[in-house]
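Architecture at a glance
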Amino acid sequence: MPNRRNFLKVGAAVMASSALAPNVMAANIESGQEQVSGKLTEHKLPPLPYAYDALEPYISKRIMELHHDKHHAGYIKGLNKAEKELARARATGDYSLIQYWSRKAAFNGGGHFLHSMFWKVMAPAGKGGGGKPKGELLKMIERDFGSFDAFKAQFSAAAKNVEGSGWGLLHYRPADDRLIVLQAENQQKLSPWGSTPVMGIDVWEHAYYLQYENKRAAYIEAWWNIVNWEQVWQNILELRK
Ligand code: MN
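Residues numbered from 1 in each chain as written. Predicted model: local features only at pLDDT ≥ 70, side-chain atom pairs only at ≥ 80, totals over all residues. Heavy atoms only, no water.

**Thoughts on the nonpolar core**
- Counting residues in each nonpolar core, the largest one holds 52 residues, and the members touching the most others are Phe151 and Met199.
- Looking at which domains feed residues into this core, each of domain 1 (11-120) and domain 2 (135-240) supplies at least three.
- Apart from residues no more than four positions distant in its own chain, methionine 199 is found in contact with Met117, Val121, Phe151, Phe155, Gly168, Leu169, Leu170, Trp223, Trp224, Val227, Trp229 and Val232. (Core = buried A, V, L, I, M, F, W, Y, C linked by side-chain atoms within 4.5 Å. Buried < 20%, exposed > 50% of the residue type's maximum accessible area, 1.4 Å probe, protein only. Domains from an automatic or database assignment. Contact = heavy atoms within 4.5 Å.)

**Comments concerning the side chain of histidine 68**
- Mapping histidine 68 onto the fold places it in helix H3 (residues 61-92).
- Looking at histidine 68, the relative accessible area reads 4%, which means it is buried.
- Among the polar contacts listed, one links the side chain of histidine 68 to the side chain of aspartate 69, at a separation of 2.8 Å.
- Residues contacting histidine 68, with those up to four places away along its chain left out, are Leu45, Pro46, Pro47, Leu48, Tyr52, Ala73 and Trp119. (Helix = DSSP H or I, 4+ residues; strand = E, 2+ residues; numbered from the N terminus. Polar contact = N/O pair within 3.5 Å; in protein donor to acceptor, adjacent residues only side chain to side chain.)

**So, the coordination of the manganese ion**
- Here the manganese ion is held by His67 (NE2), His115 (NE2), Asp202 (OD) and His206 (NE2), and the distances to it run 1.9 to 2.2 Å.
- Each donor residue of the manganese ion lies on the same chain, and together they follow the pattern H-x47-H-x86-D-x3-H. Side by side, aspartate 202 and histidine 206 carry an identical accessibility label, which is buried. (Donors = N, O, S within 2.8 Å, 3.2 Å for Na, K, Ca; no water.)

**Overview of the packing of helix H5 (residues 135-145) against helix H9 (residues 229-240)**
- The N-to-C vectors of H5 and H9 enclose an angle of 80°; their axes lie 9 Å apart at closest approach. As the angle between them shows, H5 and H9 are arranged roughly perpendicular. Each of Glu136, Leu137, Met140 and Ile141 in H5 lies in contact with H9, whose residues at this interface are Trp229, Val232, Trp233, Ile236 and Arg240.
- Class assignment for the residues of the contact of H5 with H9 results in 7 nonpolar, no polar and 2 charged. (Axes fitted to C-alpha atoms, helices over the stretch in contact; angles between N-to-C directions. Parallel < 35°, antiparallel > 145°, perpendicular 65-115°, else oblique. Nonpolar A, V, L, I, M, F, W, Y, C, P; charged D, E, K, R; others polar.)

**Brief notes about the packing of aromatic side chains**
- Taken as a whole and assessed by the stated rule, the structure comprises 20 aromatic pairs.
- Summarising the aromatic geometry, the rings of phenylalanine 151 and tryptophan 229 are spaced 6.4 Å apart at their centres and angled 65° between planes, so their arrangement reads as edge-to-face. Of this pair, phenylalanine 151 sits in helix H6 (residues 148-160) while tryptophan 229 sits in helix H9; the two residues are 78 residues apart in sequence, bridging distant segments of the chain.
- Ring-pair connections join several aromatic residues into one group, and the members of that group are Phe145, Phe148, Phe151, Phe155, Trp223, Trp224 and Trp229. (Phe/Tyr/Trp six-rings, centres within 6.5 Å; stacked < 30°, edge-to-face > 60°.)

**So, the environment of serine 195**
- Along the chain, serine 195 turns up in the loop between strand E2 (178-185) and strand E3 (196-202).
- Under the relative-accessibility criterion, serine 195 is labelled buried at 12%.
- Residues serine 195 and arginine 178, spaced 17 residues apart in sequence, show a C-alpha to C-alpha distance of 9.1 Å.
- In this structure the side chain of serine 195 is engaged in a polar contact, spanning 2.8 Å, whose partner is the side chain of histidine 171.

**Observations regarding the pairing of E2**
- The pairing of strand E1 (residues 166-173) with E2 spans 8 bridges and is classified as antiparallel. Within E2, the position partnered with leucine 170 by the bridge is valine 181.
- Adjacent in sequence and paired antiparallel, E1 and E2 are bridged by 4 residues, among which aspartate 177 carries a positive phi angle near 55°. (Pairing = 2+ DSSP bridges.)

**Quick notes on the sheet that holds E1**
- Taken together, 3 strands build an open sheet; the order of strands is E2-E1-E3 and the sheet is antiparallel. Every interior strand has two partners, whereas the edge strands, E2 and E3, have only one. Mean inter-strand twist for the sheet, computed between neighbouring axes without regard to direction, equals 25°.

**As for the confidence of the model for the protein chain**
- Across the protein chain, the average pLDDT comes to 89, with 84% of residues at 70 or higher.
- Contacts from residues 1-35, a stretch scored under 50 in pLDDT, to residues over four places away or in other chains number 53 contacts. (pLDDT = per-residue confidence, 0-100.)

Okay, structure coming up:
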C-alpha cells in the first residue's frame, strides 16, 4: 500500500513549505524566473487506485474522469499557485494580498487533501468496496455511535444536508480516540481543530449531478456500496501512531 500515507502527508507538506530562507527566495525572484517553485512542494495529482469505470454502476466513468482529471487537478493547481504567491510575499515583504492567498491555500489545500482521501476510501463493489466494516473498526463504530446503522444514518444525514457544496465526513480525534461525524462546506469550512478526516463523501454537484441530477440522497445511498472499509481503518491506524 505505497499510497496509504500520501493523503496524510499533504497537510504536513503544506506546513513545511513555508520554511524557506527569505534571502534565497529573493535571489530567485530577482533572477526573473519562476524558480521560487523549485523550493516549494510541487503538489501532484495522485493516480486513481482503480480504473475510471471501476465504481460503476454507482459512480459513472464520466463523472470519475471529470472529477479526478479536471476538478482535483484544479485544486492542486490552485494550491501550488497559492503557495508560490505566499513565498513571493515572504521574499518581497509585500503582504497586501495575504488574506486572498491564505484563503486560496486553505480552499485548494482542503480540496487536494479531501479528494486524495476520497479516491482511496472507495473501491469497486464486491472487490474491497461495500458491505459493513468488520473487526476493530466495527467495534469502534458501535462504541462511538451505538450501532453501525446509527452511524450510517448520521453520516448520510450529515452529507445530505450540507448547505451548498461540501462533504460528509468521518473524523478521527486522537485526543480521546473517538470517531465523530462532521460536515464541511466547500473544502474546509466548519471543521474543528484536533481531528482528521478518515472517510468522506463529496457532495458537490460535480460529484453526482451527471448521473443522479438533483437526487443527492440517492447518490449517498448508492455510495455505501463502494466504501473501502479496510482503507478507512488504515487511515485511523495511521493517526493512532
Ligand atoms: Mn469534488
